Amino acid sequence: MTSLFPHTDICLCLANSIIKSLVQHFKSCAAQISDIIIGLLNGKAENVTVGKLMENIEWSNRTFITEFILLGFGNLPELQFPLFLLFLVIYIVTMAGNILTLALVVIDQHLHTPMYFFLGNLSGLETCYASTILPRMLAGLLTGDRTISYSGCITQLYFFVFMVTAECFLLLVMSYDRYLAICNPLHYAALMRSWVRIQLVSGSWTMAFFTSILITLLMARLTFCGPNNIDHFFCDFAPMLKLSCSDTSLIELVDLLLCFAIILPTFLLTLISYVCIITTILRIPSTMGRKKAFSTCSSHLIVVVTFYGSLIIIYMIPTVGTAGDLHKVFSVFYTVLTPLVNPLIYSLRNKEVKEALKKAGGKLTAFIRR
């Protein structure tokens, strides 16, 4: 039996190399992060450069600020209620879409495939992601109370870093899954076995856990003396650093290393996967099949570029004056809009999900009529 696509051996070799590089990347990053965490917990760092930096920092357990004020989108009373309604609708639709997708993946036997296994994980992630940011924002817009406790702010930062890191790896894993399905369909089932899926997802969540723990530990060791106004709508990394009266050299160095170790590699590998997918799609002889595959792939690519593009732009543009407001706008893209559109683009547009939704709706209607 021959492959439907040319260069199958090349695709198989590339697929194996990608999965091996992913596993090696997970292991090396986890080892590096765990070494730094162990060093922090023991009061020392293994790396010589980090050790020199820590010698110049006076760590203090005192926190002079007990609460922060989230400035949000500015002091515009006339916009508070319209913004509240807008974000409330977004939150409801986001939760409904992602919970519905997750429920369908769990309940329907036809969706127990590798692609929907990853989509179920992404939907669960987006549900938690939206709940990390939006409820506190909605409460501030409705009541006008923008204060958040120190512990609440650190907790929000932890879950925010956790969700962003996990999404980076899950988007990479999903692009790799689509790459295998389209570029190497004959070997897809063998390469994407259940233990491989579990390893890839477990590695994503584990990397997110270690990264968020590391950033949270470093942030919790900083001293905040005032002012306590965070120029953002949630407790983001950079705005919080500006308020610290401690030396932030170490945490800024670790953040830079993590950006180069996580965000850039996952973005480039995801981009490469979709380039290979598009190249294969262009070789499909059927115009209808090519159009359908390209439509699905392009929508996925739009989400990936929007998510990663917002992350990269936020760390490149200045955060003062007008650019600070632009920073908030781009933050909305990857904290609010991405969880909203992901279930629509990745799941609810798929034929299998639509059929599962119809079946679930029919069963629910029959149950209600009893």
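Report follows, based on the coordinates.

About the criteria used
- Residues numbered from 1 in each chain as written.
- Predicted model: local features only at pLDDT ≥ 70, side-chain atom pairs only at ≥ 80, totals over all residues.
- Heavy atoms only, no water.
- Helix = DSSP H or I, 4+ residues; strand = E, 2+ residues; numbered from the N terminus.
- Buried < 20%, exposed > 50% of the residue type's maximum accessible area, 1.4 Å probe, protein only.
- Contact = heavy atoms within 4.5 Å.
- Areas by Shrake-Rupley, 256 points an atom, 1.4 Å probe, with all protein chains shown as cover.
- Pairing = 2+ DSSP bridges.
- Polar contact = N/O pair within 3.5 Å; in protein donor to acceptor, adjacent residues only side chain to side chain.
- Axes fitted to C-alpha atoms, helices over the stretch in contact; angles between N-to-C directions.
- Salt bridge = Lys/Arg side-chain N within 4 Å of Asp/Glu carboxyl O.
- Expected span 1.5 Å × (residues − 1).
- Bend = angle between axes of the 7 residues up to and from the residue.
- Disulfide = S-S within 2.5 Å.
- Phe/Tyr/Trp six-rings, centres within 6.5 Å; stacked < 30°, edge-to-face > 60°.
- Parallel < 35°, antiparallel > 145°, perpendicular 65-115°, else oblique.
- Left-handed = near helix turned anticlockwise from the far one by under 90°.
- Nonpolar A, V, L, I, M, F, W, Y, C, P; charged D, E, K, R; others polar.

Helix and strand counts for the chain come out as 12 helices and three strands. Counting the 370 residues in the chain, one finds 47% classified as buried. Considering only intrachain contacts with a sequence separation of at least 6, the fraction spanning at least 24 residues in the chain is 81%. Accessible surface computed for the chain: about 18000 Å², of which carbon and sulfur atoms make up 68%.

As a further point, take the pairing of strand β1 (residues 67-70). Side chains of β1 alternate between two faces, with Phe68 and Leu70 buried and Glu67 and Ile69 left unburied. In this sheet, strand β2 (residues 147-149) lies alongside β1 in antiparallel orientation, the contact comprising three bridges. The partner of Phe68 across the bridge, within β2, is Ile148. Here two bridges tie β1 to strand β3 (residues 229-230), and the two strands are oriented parallel to one another. The partner of Ile69 across the bridge, within β3, is Asn229.

For the rest of this paragraph, the subject is the environment of Lys291. Positionally, Lys291 belongs in helix α10 (residues 287-314). We classify Lys291 as exposed; its relative accessible area is 61%. In this structure the C-alpha to C-alpha distance between Lys291 and Ile281, which are 10 residues apart in sequence, comes to 8.6 Å.

Moving on, we get to the side chain of Thr127. Secondary-structure assignment places Thr127 in helix α4 (residues 114-143). Within the local environment of Thr127, its side chain forms a polar contact with the backbone oxygen of Ser123, the two atoms lying 2.9 Å apart. Contact partners of Thr127, with chain neighbours within four places excluded, come to Met95, Asn98 and Ile99.

All right, on to the sheet that holds β3 then. Overall, mixed pairing links the three strands, which are arranged β2-β1-β3 in an open sheet. Where the open sheet ends on each side, the last strands, each with one partner, are β2 and β3. Running over the sheet, helix α5 (residues 150-183) touches β1, β2 and β3 and is turned about 85 degrees from β2.

On to the pattern of salt bridges, then. Under the defined criterion, the tally for this structure stands at two salt bridges. The salt bridge partner of Asp177 is Arg178, with a shortest N-O separation of 3.0 Å. Taken as a pair, Asp177 and Arg178 share a single burial class, namely buried. Among the salt bridges present, the one from Lys328 reaches Asp231, with a minimum N-O distance of 2.8 Å. Taken together, the residues span a long stretch of sequence, with Lys328 in helix α11 (residues 322-347) and Asp231 in the loop between β3 and α8 (237-242) at a distance of 97 residues.

With that out of the way, let us pick up helix α9 (residues 249-281). With 33 residues, α9 extends 47 Å from end C-alpha to end C-alpha; this agrees with the ideal 48 Å at 1.5 Å per step. The sharpest bend along α9 measures roughly 35 degrees and falls at Cys259.

With that settled, consider the state of the cysteines. Note: disulfide means a covalent bond formed between the sulfur atoms of two cysteine side chains. Taken as a whole, this structure holds two disulfides when the rule is applied. Across the disulfide, Cys225 is cross-linked to Cys245 (sulfur-sulfur distance 1.9 Å). Handedness of the Cys225-Cys245 disulfide follows from its S-S torsion of about 55 degrees: it is right-handed. With Cys225 in the loop between α7 (194-220) and β3 and Cys245 in the loop between α8 and α9, this residue pair connects regions lying 20 residues apart in the sequence. A residue is classified by how much of its surface remains accessible, and Cys225, at 42% relative accessible area, is partly exposed. Look at Cys245 and you get partly exposed, because its relative accessible area is 43%. Along the chain, the cysteines engaged in disulfide bonds are linked according to the scheme 1-3, 2-4 when indexed in sequence order.

Note on aromatic pairs: each is described by the distance of the centres and the angle between the planes. One pass over the full model with this rule turns up 18 aromatic pairs. Look at Phe160 and Tyr334: their rings are 6.1 Å apart centre to centre, the planes differ by 40 degrees, and that puts the pair in the tilted class. One end of the pair, Phe160, is in helix α5; the other, Tyr334, is in helix α11, and 174 residues separate them in sequence. We note that Phe160, like Tyr334, is buried. With centroids separated by 5.1 Å and ring planes inclined at 55 degrees, the aromatic side chains of Phe233 and Phe234 adopt a geometry described as tilted. Judged by its relative accessible area of 0%, Phe234 falls in the buried class. Taken together, the ring pairs in this structure connect Phe73, Phe87, Phe160, Phe233, Phe234, Phe267, Phe307, Tyr308 and Tyr334 into an aromatic cluster.

So, on to the packing of α7 against α9. At a closest axis distance of 10 Å, the pairing of α7 and α9 adopts a crossing angle of 165 degrees. The angle between the axes of α7 and α9 places the two elements in the roughly antiparallel class. The interaxial crossing formed by α7 with α9 has left-handed handedness. Here α7 contributes Met207, Thr211, Leu214, Ile215, Leu218 and Met219 to the contact with α9, which in turn contributes Leu250, Ile251, Val254, Leu258 and Ile262. The residue inventory of the contact of α7 with α9, partitioned by class, reads 10 nonpolar, one polar and no charged.

Remember, this is a structural readout, not a statement about activity or role.
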